[in-house]
Amino acid sequence: MRIVVVSGKGGAGKTTFSVILSILLSKEVDIELIDSDVEEPNSNLFLNSALESASVYRKIPRLNSEICTGCGKCADICAYNSVVMVKQKPLIFTDLCHSCGGCVEVCPVNALTEADDKYGEIGSGTSGNMMFKEGRIDVGKIQSPMLIKELLADKSSDRVQIVDAPPGTACNTVQALYGADFALIVAEPTPFGTSDFKLIHELTRVMNIDSAVVVNKDEGYSKDFYKLCESLEVPVLAAVAFDEKLSQYYSVGNLKGYLENEDITSYKGAVDGLKSLIMSEKKNG
Ligand code: SF4
Ligand code: SF4
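Residues numbered from 1 in each chain as written. Chains lettered and ligands numbered in written order. Predicted model: local features only at pLDDT ≥ 70, side-chain atom pairs only at ≥ 80, totals over all residues.

Enquirer: Tell me about the site of ligand 1, residues and numbers included.
Expert: Not every one of the 14 residues close to ligand 1 is listed here, only the nearest: Cys78, Ser82, Cys97, Cys100 and Cys103. Per-class residue counts for the shell around ligand 1 are nine nonpolar, five polar and no charged. (Near = placed C-beta within 6 Å. Nonpolar A, V, L, I, M, F, W, Y, C, P; charged D, E, K, R; others polar.)

Enquirer: A description of helix α7 (residues 191-206) should follow, citing residues and the corresponding values.
Expert: Between its terminal C-alpha atoms α7 stretches 23 Å, which fits the 22 Å expected from 16 residues at 1.5 Å a residue. Looking at α7, one finds that the buried residues are Gly193, Asp196, Phe197, Ile200, His201, Leu203 and Thr204. Along the axis of α7, the buried positions cluster into a sector of 155°, meaning they face one direction only. Exposed and oriented more than 90 degrees from the buried face of α7 are Pro191, Ser195 and Val206. Close packing links the buried residues of α7 with β1 (2-6), α6 (171-177), β9 (182-187), β10 (211-216) and α8 (223-232). (Helix = DSSP H or I, 4+ residues; strand = E, 2+ residues; numbered from the N terminus. Expected span 1.5 Å × (residues − 1). Buried ≥ 20, exposed ≤ 12 C-beta atoms within 10 Å, placed from the backbone. Arc of directions from axis to C-beta. Contact = placed C-beta atoms within 7 Å.)

Enquirer: Now, about the domain arrangement of the protein: what can you tell me, with residues and values included?
Expert: You can read the domains of the protein as domain 1 (2-56 + 120-283) and domain 2 (65-110). Centre-to-centre separation of domain 1 and domain 2, based on C-alpha positions: 41 Å. (Domains from an automatic or database assignment.)

Enquirer: Give me the lowdown on the site of ligand 2, citing residues and values where you can.
Expert: Taken together, 13 residues are adjacent to ligand 2, and Cys68, Cys71, Cys74, Cys107 and Ala111 come closest. Classifying every residue of the shell around ligand 2 gives nine nonpolar, three polar and one charged.

Enquirer: How would you summarise the nonpolar core if you had to cite specific residues and measurements?
Expert: With 62 residues, the main nonpolar core has Val4, Val5, Ile185, Val213 and Val214 as its most contacted residues. Per-element accounting of this core gives the leading share, six residues, to helix α1 (residues 14-25). Other than its neighbours up to four places away in sequence, Ile185 contacts Val6, Ser7, Phe197, Ile200, His201, Ser211 and Val213. One finds Cys78, Val83, Cys103 and Ala111 within the second-largest nonpolar core, a separate group that totals seven residues. (Core = buried A, V, L, I, M, F, W, Y, C linked by C-beta atoms within 7 Å.)

Enquirer: Which residues make up the sheet that holds β10, and what values go with them?
Expert: Within the open sheet, the nine strands sit side by side as β3-β6-β7-β2-β8-β1-β9-β10-β11. Their pairing is mixed. The open sheet terminates on both sides in strands that have one partner only, identified here as β3 (52-63) and β11 (236-240). With strand direction ignored, the average angle separating the axes of adjacent strands in the sheet is 20°. Where β1 meets β9, four bridges bridge the pair, whose relative direction is parallel. Paired with Ile3 across the strands is Phe182, a residue of β9. Here helix α5 (residues 144-151) sits on the sheet and contacts β2 (31-35), β3, β6 (112-127) and β7 (130-137); the angle it forms with β7, its principal contact strand, is near 160°. Across the sheet, α7 lies against β1, β9 and β10, angled at about 170° from β9, the strand it touches most. (Pairing = 2+ DSSP bridges. Axes fitted to C-alpha atoms, helices over the stretch in contact; angles between N-to-C directions.)

Enquirer: Which residues make up the environment of Ser82, and what are the values?
Expert: If you trace the backbone, Ser82 turns up in the loop between α3 (73-77) and β4 (83-86). Taking the C-alpha atoms as reference points, Ser82 and Leu96, separated by 14 residues in sequence, lie 5.2 Å from one another. In contact with Ser82, other than residues within four places in its own chain, are Ile92, Phe93, Leu96 and Cys97.

Enquirer: Can you lay out the pairing of strand β5 (residues 89-92) for me, pointing to particular residues and giving the numbers?
Expert: Sheet topology note: the β4/β5 ladder contains four bridges and is antiparallel. Looking at β5, one finds that Val83 is bridged to Ile92.

Put into structure tokens, the structure is as follows:
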């Protein structure tokens, strides 16, 4: 089963909730936490897991201009306009390349070959009895959705996968939500947070993914937010007030210490809600 933790914007508390809920759930359920926020993977700052890293490559065409005849077939076949003919020579924009291999295939004189292009890393390790994985895009590379797809390709694990998704509602988040069984939306009940919540909820709705909300930094002034959740029929699993102690632990990367030493009863609703979701999924096969 895969639960994807999302938020309509950065800073709503998505990574904090992903890590806290994964640690708490891992006491009773086999969990694999996956940080798919590949442009800024931060979960492991709280776990300190020693990661084994593997480089991730894609195929791009490489030109041998000495044997190219300038026929233009490579440019004709490229559906992504990654190849343009300039003075009868192909100019290849590798950032636009989708690695389909078409240009290499059609070149009549084998002037194009496929070359490896490294664009990121996937790290994996353990933290307590929890498994952990993260994707990390190389600086300057634009293949984040491709890396997220690679990172989340394996859904066969017996463990419940909790995916910390990239923030927002654009391509990276959409990619992280593919294959989700459930979306947990982290939202702040401010006017700004409510606006972002509407966007991310709409995304889960159009992708046909059931969702629930955990409300972060609820100071009790937010009745309209709860009315909105009710009208959208999105259950609220937990509401957590701003906690200065959490900020202190967070600022030194010690969420585990927070969970061990402080009152965390406000997270109970979210843990129980996810646990019953996991159990009903297991029961239904
Ligand atoms: S591999 Fe495919 S996408 Fe890339 S340049 Fe060639 S035809 Fe275009
Ligand atoms: S298809 Fe081959 S020979 Fe023709 S322009 Fe492209 S690289 Fe050159």
